[in-house]
Amino acid sequence: MATKPAGGPEPAPSAPQDFIRQIVAEDVRTGRLRSRVHTRFPPEPNGYLHIGHAKAICLDFGVAEEFGGLCNLRFDDTNPAKEEVEYVDAIRRDIHWLRFDWGDREFYASDYFERLYACAVTLIRTGKAYVDSLTADEIREYRGTLTEPGRESPYRNRPVDENLDLLERMRKGEFPDGTHVLRAKIDMSSPNINMRDPTLYRIRHAAHHRTGDLWCIYPTYDYAHPLSDAFEEITHSLCTLEFEDHRPLYDWVIAQLDFADPPQQIEFARLNLLYTVTSKRKLAQIVVDGRVSGWDDPRLPTLAGLRRRGYTPEAIRDFCQRIGIDKSEGVVDLALLEHCVREDLNARALRVMGILRPIKVVLVSYPEDEVEELEAVNNPEDASAGTRTVPFSRELYIDRDDFREVPPPKYHRLSPGAEVRLRYAYIIKCVEVVKDERGEIVELRCTHDSETKSGSGPQARRKVKGTIHWVSAKHAVPAEVRLYDRLFIAEQPGRDGSLLDELNPASLQVLTACRVEPSLAAASAGSRYQFERLGYFVVDPDSAPGRLVFNRTVTLRDTWAKIEQKQRGEVGD
RNA sequence: UGGGGCGUCGCCAAGUGGUAAGGCACGGGACUUUGAAUCCCGCAUUCGAAGGUUCGAAUCCUUCCGCCCCAGCCA
């Protein structure tokens, strides 16, 4: 591999040039905001990060990096009812796993509660905010509708001193939840509902995961977010499309407080993926309802789930780069995500042989007690991965899929009288099918062609149509393998209501009688392999010494499956 | 029927008045001791629709159609 010439970062020729980067580049060029670039990733610690967040993380950190700027991690923890430390830890872990770093710039909106409060006092003093004592229901009524303007609250013109006094007493805890709120005084007849005197503070007698019982009033997102950005001197505040309507409010809040370099909010489309959900709310619903084993269930599109599934951070970053950034709301095909892992794992995963549904093969022509150590390539894509040795003996296991008593057209695998190559070993021929009283195939008796041992010379290179993988029965290691399918049967789960009804009942299949080659005996959790001809697998943390558990990350592309499906389609109607 | 957005190949996506990139998927072929990988080849006379401006329009104008978001003291 060629290394980059020294001399700083060169503009990658393939660097994305989406509309956001174009705006940032223009700002840098024209000297706006003193040509600084400082972004932030602002998760609320109320759930685990998912693949949609990865898109935002890659954008926020990516833009900063590309323009020589910085990106802060800021926890948007303004709602004590929903937020927990478990989530902040998980979020930190996941971002680091994606290989992004925020240095010492880990902030919390709750760090700013005192400053935020001071700003609120200023807003009252300048006549831009007031304490409203309407009930939540009344406020809703006064707000009007999408087509009708709202009405002003009777408390809207309270004197400044009274507002100041009330706010202070709210803070002191003199009032129960819901009795008062602080509102911005903007325009109750605005066509943009967000501008109809939005709530800035509400009373919540609840313990906060960081500030404990210090506060009983908490700022809302619309108030805390723009100010947090301004406090941190963020230049470009990137968020998703649903906040587009909030931008006038974002700008308004900042404008009232006189900041030298007001940040600019820019919105982009969130990620949607076919057959899955990228919504913390929906994910939480599945997790809380116990439909999966937890936030890191390998079927979930959470970063923790994808990690446990065997996805690599590189694959996810590649995916985020390929889907691009823009404002049109699309739905990305899962096939693209799968392509990204396959491409990454193809280059780096070590090849091994593993049998998912074993069927015994006895080589009647092979000596009883002989054992040969055959050489196998660890990764044909990477010579430096070297080779290993695999034991071969008279009794083997092959996969049930690789034998058909009545082979369909174009079937290249084993069937009565047919020959196949055993990978790295001999060509064998099936001479007898042994069944039990129920007619189930329990064993195949085969002969081997001793001239065809892999690598033993020109005569060994005889061609047969198929090559299959195998494992030596007495050397193989038992393992459990978990196969995953899409979690939902609906293309866009929850779109038409019932999320829980659209779960795929067959999303998890556990195979407990698997046999893998002995080199895997000491494989450690997180290690990724390609089981030849089957797919990519990762060792699950549920593994223990003597008890291997693998998760299938993704299958290999399977042309035969397509042919077979086509054949079935033609036979059918 | 208020406001804010979005509509380019099955999916994602370039394109910013000069004659439709790329990726995924798909189809065909080569190679193959992974039906994998790799490599070739094919895949939008057309840019939601209709008018208009222009020598020239996916790009400008007009009208229409479709989809998404907003009435939390959630974010």
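One structure accompanies this document, and this report is about it. Everything numeric in this text was worked out from a predicted model, so none of it was measured.

### Considerations on the overall build of chain A
Here is step 1 of the chain: Looking only at helices and strands, chain A has 13 helices and 25 strands in total.
Here is step 2 of the chain: Compactness check: chain A gives a C-alpha radius of gyration of 31 Å against a globular reference of 25 Å for 573 residues, more than 25% above the reference.
Here is step 3 of the chain: Counting all 573 residues of chain A, 51% fall into the buried class.
Here is step 4 of the chain: Sequence-distant contacts in chain A: of pairs separated by 6 or more residues, those separated by 24 or more amount to 70%.
Here is step 5 of the chain: Counting 79 positive and 92 negative side-chain charges, chain A places the averaged centre of each group 3 Å from the other.

### Some details on the packing of aromatic side chains
Here is step 1 of the chain: Within the structure shown, the criterion is met by 19 aromatic pairs.
Here is step 2 of the chain: Ring centres of tyrosine 366 and phenylalanine 392 lie 5.3 Å apart, and the angle between their planes is 80°; this geometry places the pair in the edge-to-face category. One end of the pair, tyrosine 366, is in the loop between strand E12 (358–363) and strand E13 (372–377); the other, phenylalanine 392, is in strand E14 (residues 387–392), with 26 residues separating them in the sequence. Across the pair, exposure class does not vary: tyrosine 366 and phenylalanine 392 are buried alike.
Here is step 3 of the chain: Through successive ring pairs, a cluster of aromatic residues spans Phe113, Tyr117, Trp215 and Tyr218.
Here is step 4 of the chain: The ring of tyrosine 142 has arginine 151 sitting right over it, with the charged end atom 4.2 Å from the ring centre.

### Some thoughts on the sheet that holds strand E17 (residues 427–435)
Here is step 1 of the chain: Overall, mixed pairing links the seven strands, which are arranged E19-E16-E17-E18-E12-E15-E20 in an open sheet. Bordering the open sheet on either side are strand E19 (467–468) and strand E20 (471–472), each of which pairs with just one other strand.

### Some words on the protein's contact with RNA strand B
Here is step 1 of the chain: As a structural note, the neighbourhood of RNA strand B is formed by 68 residues, with Arg204, Glu329, Arg413, Ser454 and Thr559 the closest of them.
Here is step 2 of the chain: Of all atoms in RNA strand B that approach within 4 Å of the protein, 67% are sugar or phosphate atoms.
Here is step 3 of the chain: Within the side chain of lysine 82, a nitrogen or oxygen atom sits 3.0 Å from a sugar or linking oxygen of RNA strand B.
Here is step 4 of the chain: Contacts to RNA strand B include aspartate 333, whose backbone N or O atom sits 3.5 Å from a sugar or linking oxygen.

### Things to note about helix H7 (residues 221–231)
Here is step 1 of the chain: Summarising burial for H7: 10 of the 11 residues are buried, a large majority.
Here is step 2 of the chain: Three or more residues of H7 are buried, namely Asp222, Tyr223, Ala224, His225, Pro226, Leu227, Ser228, Asp229, Ala230 and Phe231.
Here is step 3 of the chain: Note on H7: the residue one or two positions beyond its end, glutamate 233, has a positive phi of about 55°.

### Brief notes about the packing of helix H2 (residues 51–66) against helix H11 (residues 313–323)
Here is step 1 of the chain: Orientation of H2 relative to H11, taken along the N-to-C sense of each, is 75°, at an axis distance of 9 Å. Classed by the angle they form, the pair H2 and H11 counts as roughly perpendicular. Mapping the contact onto sequence places Ile51, Ala54, Lys55 and Cys58 in H2 and Ile316, Arg317, Phe319, Cys320 and Ile323 in H11.
Here is step 2 of the chain: Split by residue class, the contact of H2 with H11 holds seven nonpolar, no polar and two charged.

### Side note on the nonpolar core
Here is step 1 of the chain: Counting 50 residues, the largest nonpolar core has Ile95, Ile316 and Phe319 as the members making the most contacts within it.
Here is step 2 of the chain: Contributing elements (two or more residues each) for this core: helix H1 (19–30), H2, strand E2 (70–75), helix H3 (85–97), strand E9 (264–268), helix H10 (303–309), H11 and helix H12 (334–348).
Here is step 3 of the chain: Discounting chain neighbours no more than four positions away, the residues touching phenylalanine 319 are Ile51, Leu271, Leu273, Val332, Leu336, Leu337 and Cys340.
Here is step 4 of the chain: In this structure, Ile217, Leu227, Phe231 and Leu249 belong to the second largest nonpolar core, which totals 34 residues.

### Focus on the pairing of strand E16 (residues 419–422)
Here is step 1 of the chain: Note: E16 against E17, three bridges, orientation antiparallel. Its bridge partner lying in E17, glutamate 419 is registered against lysine 429.
Here is step 2 of the chain: Two successive antiparallel strands, E16 and E17, enclose a turn made up of four residues, where tyrosine 424 displays a positive phi of approximately 70°.
Here is step 3 of the chain: Pairing of E16 with E19 involves two bridges; the strand directions are parallel. Following the sheet pairing, leucine 422 is matched in E19 by isoleucine 468.

### Here we look at the pattern of salt bridges
Here is step 1 of the chain: The full count for this structure, using the stated rule, is 51 salt bridges.
Here is step 2 of the chain: Several salt bridges share partner residues, and in doing so they unite Asp296, Arg308, Glu480, Arg482, Asp540, Asp542 and Arg547 into one network.

### Considerations on the sheet that holds strand E5 (residues 181–184)
Here is step 1 of the chain: Pairing is antiparallel across the open sheet formed by four strands, whose spatial order is E4-E5-E6-E7. In the strand order of this sheet, the two ends are held by strand E4 (129–132) and strand E7 (217–219), each with one partner. Sheet twist, expressed as the mean angle between neighbouring strand axes with direction ignored, is 20°.
Here is step 2 of the chain: Pairing of E4 with E5, which is carried by four bridges, proceeds in the antiparallel orientation. Within the sheet, the bridge partner assigned to alanine 129 lies in E5 and is alanine 184.
Here is step 3 of the chain: Where helix H4 (residues 113–125) meets the sheet, it contacts E4, E5, strand E6 (199–203) and E7, and its direction lies at approximately 120° from that of E6.
Here is step 4 of the chain: Strands E4, E5, E6 and E7 of the sheet are contacted by helix H6 (residues 160–172), whose axis makes an angle of about 60° with E4.

### Looking at unusual backbone geometry
Here is step 1 of the chain: The backbone of leucine 33 sits at a positive phi, close to 55°, despite the residue not being glycine.
Here is step 2 of the chain: When you line up the elements, leucine 33 lands in the loop between H1 and strand E1 (38–41).

### Let's talk about the environment of tyrosine 201
Here is step 1 of the chain: Within the fold, tyrosine 201 resides in strand E6.
Here is step 2 of the chain: In contact with tyrosine 201, other than residues within four places in its own chain, are Phe113, Leu116, Tyr117, Ala120, Val181, Leu182, Ile217, Tyr218, Pro219 and Tyr223.

### Focus: the environment of isoleucine 57
Here is step 1 of the chain: Relative to the helices and strands, isoleucine 57 is located in helix H2.
Here is step 2 of the chain: Residues isoleucine 57 and proline 42, spaced 15 residues apart in sequence, show a C-alpha to C-alpha distance of 9.4 Å.
Here is step 3 of the chain: What isoleucine 57 contacts, discounting residues up to four positions off in sequence, is Phe41, Leu49, Gly62, Ile95, Leu98 and Phe100.

### Quick look at H1
Here is step 1 of the chain: The terminal C-alpha atoms of H1, which comprises 12 residues, lie 16 Å apart, in line with the 16 Å expected from a rise of 1.5 Å per residue.
Here is step 2 of the chain: Inspection of H1 places Ile20, Arg21, Val24 and Asp27 among the buried residues, and these make up the whole buried set. Relative to the axis of H1, the buried residues are bounded by an arc of 120° and lie together on one face.
Here is step 3 of the chain: For H1, the side-chain oxygen to backbone nitrogen distance between the N-cap and isoleucine 20 is 3.1 Å, and the N-cap itself is aspartate 18.

### Regarding the environment of leucine 167
Here is step 1 of the chain: Turning to its location among the elements, leucine 167 is positioned in helix H6.
Here is step 2 of the chain: Judged by relative accessible area, which is 1%, leucine 167 ranks as buried.
Here is step 3 of the chain: Counting along the chain gives 80 residues from leucine 167 to tyrosine 87, while the straight-line C-alpha distance between them is 31 Å.
Here is step 4 of the chain: Those residues in contact with leucine 167 that lie beyond four places of it in its chain are Tyr117, Ala120, Val121, Ile124, Val131 and Ile217.

Definitions and cut-offs
- Residues numbered from 1 in each chain as written.
- Chains lettered and ligands numbered in written order.
- Predicted model: local features only at pLDDT ≥ 70, side-chain atom pairs only at ≥ 80, totals over all residues.
- Heavy atoms only, no water.
- Helix = DSSP H or I, 4+ residues; strand = E, 2+ residues; numbered from the N terminus.
- Rg over C-alpha atoms; globule rule 2.2 N^0.38 Å.
- Buried < 20%, exposed > 50% of the residue type's maximum accessible area, 1.4 Å probe, protein only.
- Contact = heavy atoms within 4.5 Å.
- Lys, Arg positive; Asp, Glu negative; His and termini not counted.
- Charge placed at Lys NZ, Arg CZ, Asp CG, Glu CD.
- Phe/Tyr/Trp six-rings, centres within 6.5 Å; stacked < 30°, edge-to-face > 60°.
- Lys NZ or Arg CZ within 6 Å of the ring centre and 35° of its normal.
- Pairing = 2+ DSSP bridges.
- Near = heavy atom within 4 Å.
- Polar contact = N/O pair within 3.5 Å; in protein donor to acceptor, adjacent residues only side chain to side chain.
- Axes fitted to C-alpha atoms, helices over the stretch in contact; angles between N-to-C directions.
- Parallel < 35°, antiparallel > 145°, perpendicular 65-115°, else oblique.
- Nonpolar A, V, L, I, M, F, W, Y, C, P; charged D, E, K, R; others polar.
- Core = buried A, V, L, I, M, F, W, Y, C linked by side-chain atoms within 4.5 Å.
- Salt bridge = Lys/Arg side-chain N within 4 Å of Asp/Glu carboxyl O.
- Expected span 1.5 Å × (residues − 1).
- Arc of directions from axis to C-beta.

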